[in-house]
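# Topology and contacts: notes
Below, each chain spelled out in residue letters.
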Amino acid sequence: MKRIIIRSAALLLLLLLALFFFYTGKGHTILLDNKTVTLGGTEYAAVNMLEVRVDRGEEREVLKRDRIKEDVVGQGHKITVTYLDKGVEKVVEEKFRIKTGQAMYLISLPGLIGGAEGWIEPFDVEP
Amino acid sequence: MKKPDRKSVIFFLESNAVPILFLIIISIGVPYSGFSVDYLVQEIIIRLSRNSFLVLSLLVPIMAGMGLNFGMVLGAMAGQIGLIFVTNWNIVGLQGIGLAMILSIPLSILLGWMSGKILNMAKGREMVTGFILAFFMNGVYQLVVLYGMGSIIPIGNPSMVLSRGYGIRNTVNLINIRQTLDSLIPLKIGNIQIPVATFMVIALVCLFIVWFRKTKLGQDMRAIGQDMHVAESAGINVERTRIIAIIISTVLAGFGMILYLQNIGTLNTYNSHEQVGMFSIAALLVGGASVNKGKISHAFLGVTLFHLMFVISPMAGKNLIGQAQLGEYFRVFVSYGVISIALVLYAYRKLKEKERAGTALAEAQEEK
C-alpha cells in the first residue's frame, strides 16, 4: 500500500511538473502594430514613432504603419509604450494575459494608447 | 603459477591498453593539428558537457553484468520524440528541456522494459542482442516519425512537417532550447567558457550513480554482475533486477540525448540517435572501462580522450597528408576499432583468468 501511494505521488508530481513547464514555457508571438485602426466605431490614428517594451525585453522602435514581431513566453505579460504627445513624453503601461492555445496575438498600439477595448486580439495565419 | 601482481607494469599496461593507446595517438596528433591549447581545452569542455551524460548512462547495466548497453539508442529515440513534441508545442527555454525529459520518461521506461525482457531471453549475448534491437527499433521509430506524425499524431507546427502533409522533416531546428542550460550560469575563465549548469546536472547523475551503488538494488545488481547463478541462489530476483538496470540506463540515455541536442541546437530526425550508442560506448571503452567494469572516472577520461582525437584528427590528417577527409575516416575507423579491441581484450582476459583459476585449482589438488 505504501509503495502504491509513493508511486502515485511521484506520478502526480511529474504530471504537475509537466503542466507547469507547459504553461510557463509556452512561447507566443505578439505582433505590435502601429497602423490607423477602427475599434468599437472609433478611429485611432497611427503615431509617428513609438518605443515599445514587452516584459523585460529590449525597447523597440515602431514607426508609423509598421508592424513588428515580438516573441514572449508564458501567459502573463506587461507592455510599456513610450511616445510623444504634442512634445510631451507619455508612458502607457498595460498588463495582459494570453491563452495557451493561441499562438499569435495582434496588439494595436494606437488602440492601446487611446484606451480602446479590443487593443489586443488573437491573430491567425491562413494555412 | 604466481598470481599477477596488480601493481606490476605489465598488469597495468594490460588493464589500461586502450587509454594508453589513445594517449599515444593524441600526443602524436596534437602537434600535427596545430591547434592552440585554449582551443583544445574549450573544445574538450564543450564535448564533456555534451556527451558525459550519455556515457554515464551506460554504467548501470555494466554494474548488473549486462555489458555495454547498445540499446541506449532506444532512450535516445525517446528523448528525440520528447524534443519533437516540445518543438511542436513551442515550449521555450529550460521548461522545454524539462518537459522533453518528462515526456521521454514513459517512452524510455516502456522501451527499456521491452529491451530488458528481450535481453533476459538472450543472457550472455546481451550486447549483440542490444545492437540488433537498436536497429529494429530504429525502423519502428522511423515508421512513427515518418508516417505517424502529422497523420495520426497531430503536429500543428507546419515548419516541422514534410510538404506532403505528414512526417517530420529531416532537420528540426531546436532554436527554442538551444544551449539554454549551457548558458544558464555563464562562467568565463580567460578565453574559456564553462557551461556550469550542465556540469551541475552531470554532477547530479554522478551522485545518483554513487548513491545507487550503495542501495539494496545497486548491491543486488553488483551481485548479479559478479555471478548471476550465485545471486539467484541468494534469493535475488535476477530477471527483474536486470530489467530495472536497463530501464534506468534507457531513461538516463533519453535525458542525455536531450542535453546533447540542446547543445547542438539541431535535431537530425532520422540520424541523430544512430551513432550516439556507438560513440558513447567507444568513449567509455577509451576511458579504460570494459564489458564488466565501468567507473565514473572512465566516462570522463574516455570522453576527453575520444573527443580530443575527434577534434585533432581532421587537421592532423590534413597537415600530415594534405587531406582532412582522412581524419573523418580515421575517427569512424577508430570508433569501431576501439570497440573491437576492447571486446577482444575482454575475451582474452576472461580466457586468461579461466586458465589461472584452472591452474590454481590443479595446484591446490596436487598439494592435497
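This one's a predicted model, so the numbers in the text were calculated from it and none came from an experiment.

What counts, and where the lines are drawn
Residues numbered from 1 in each chain as written. Chains lettered and ligands numbered in written order. Predicted model: local features only at pLDDT ≥ 70, side-chain atom pairs only at ≥ 80, totals over all residues. Heavy atoms only, no water. Contact = heavy atoms within 4.5 Å. Buried area = accessible area lost by both parts, 1.4 Å probe. Salt bridge = Lys/Arg side-chain N within 4 Å of Asp/Glu carboxyl O. Polar contact = N/O pair within 3.5 Å; in protein donor to acceptor, adjacent residues only side chain to side chain. Helix = DSSP H or I, 4+ residues; strand = E, 2+ residues; numbered from the N terminus. Pairing = 2+ DSSP bridges. Axes fitted to C-alpha atoms, helices over the stretch in contact; angles between N-to-C directions. 1 Å grid on protein atoms, 1.4 Å probe; cavity = no way out; pocket = protein on both sides within 12 Å on 5 of 7 lines; lining within 4 Å. Points joined across faces, edges and corners; volume = space filled by probe spheres on them. Nonpolar A, V, L, I, M, F, W, Y, C, P; charged D, E, K, R; others polar.

## Things to note about the interface of chain A and chain B
If you look at the interface, chain A gives eleven residues, while chain B gives nine residues. Buried surface at the junction of chain A and chain B, both sides included, amounts to about 920 Å², of which 70% is carbon and sulfur. On the chain A side of the contact with chain B, Leu14, Phe21 and Phe22 of chain A bury the most area, a combined 44% of that side's loss. Inspection of the region where chain A meets chain B yields zero salt bridges. Summed over the shared surface of chain A and chain B, the number is four residue pairs in polar contact (both at pLDDT 80 or more). Of all the elements in the fold, those that place two or more residues in the side of chain A that touches chain B are helix H1 (2-25) and strand E1 (27-34) of chain A.

## Focus on the sheet that holds strand E10 (residues 120-122) of chain A
Residue and element names in this part refer to chain A. As summarised here, the arrangement of the four strands in space is E6-E1-E9-E10, forming an open sheet in which the pairing is mixed. Strand pairing shows two members of the sheet lacking a second neighbour, strand E6 (66-73) and E10, which therefore form its edges. Here the strands of the sheet are splayed against their neighbours by 25 degrees on average, with no regard to which way each runs. As paired strands, strand E9 (residues 104-108) and E10 are joined by three bridges and run antiparallel to one another. Across the sheet, Leu106 pairs through a bridge with Glu121, a residue of E10.

## Describing empty space enclosed by the protein
Residue and element names in this part refer to chain B. This model, assessed by the stated rule, comprises two cavities of 30 Å³ or more. Volume-wise, the largest cavity comes out at about 80 Å³. What lines the largest cavity is simply Ser15, Ala17, Val18, Pro19, Leu285, Gly288, Ala289, Ser290, Ala342, Leu345 and Arg349. At the level of secondary structure, the elements contributing two or more residues to the lining of the largest cavity comprise helix H2 (17-33) and helix H14 (324-367). Its residues placed into classes, the lining of the largest cavity shows seven nonpolar, three polar and one charged. What lines the second largest cavity is Pro61, Met66, Gly67, Leu68, Asn69, Phe70, Gly71, Leu119, Glu126, Met127, Gly130 and Ile246. For the lining of the second largest cavity, the leading source of residues is helix H7 (residues 126-148), giving three residues. Its residues assigned to classes, the lining of the second largest cavity comprises seven nonpolar, four polar and one charged.

Functional significance is not addressed by these values, which are geometric in nature.
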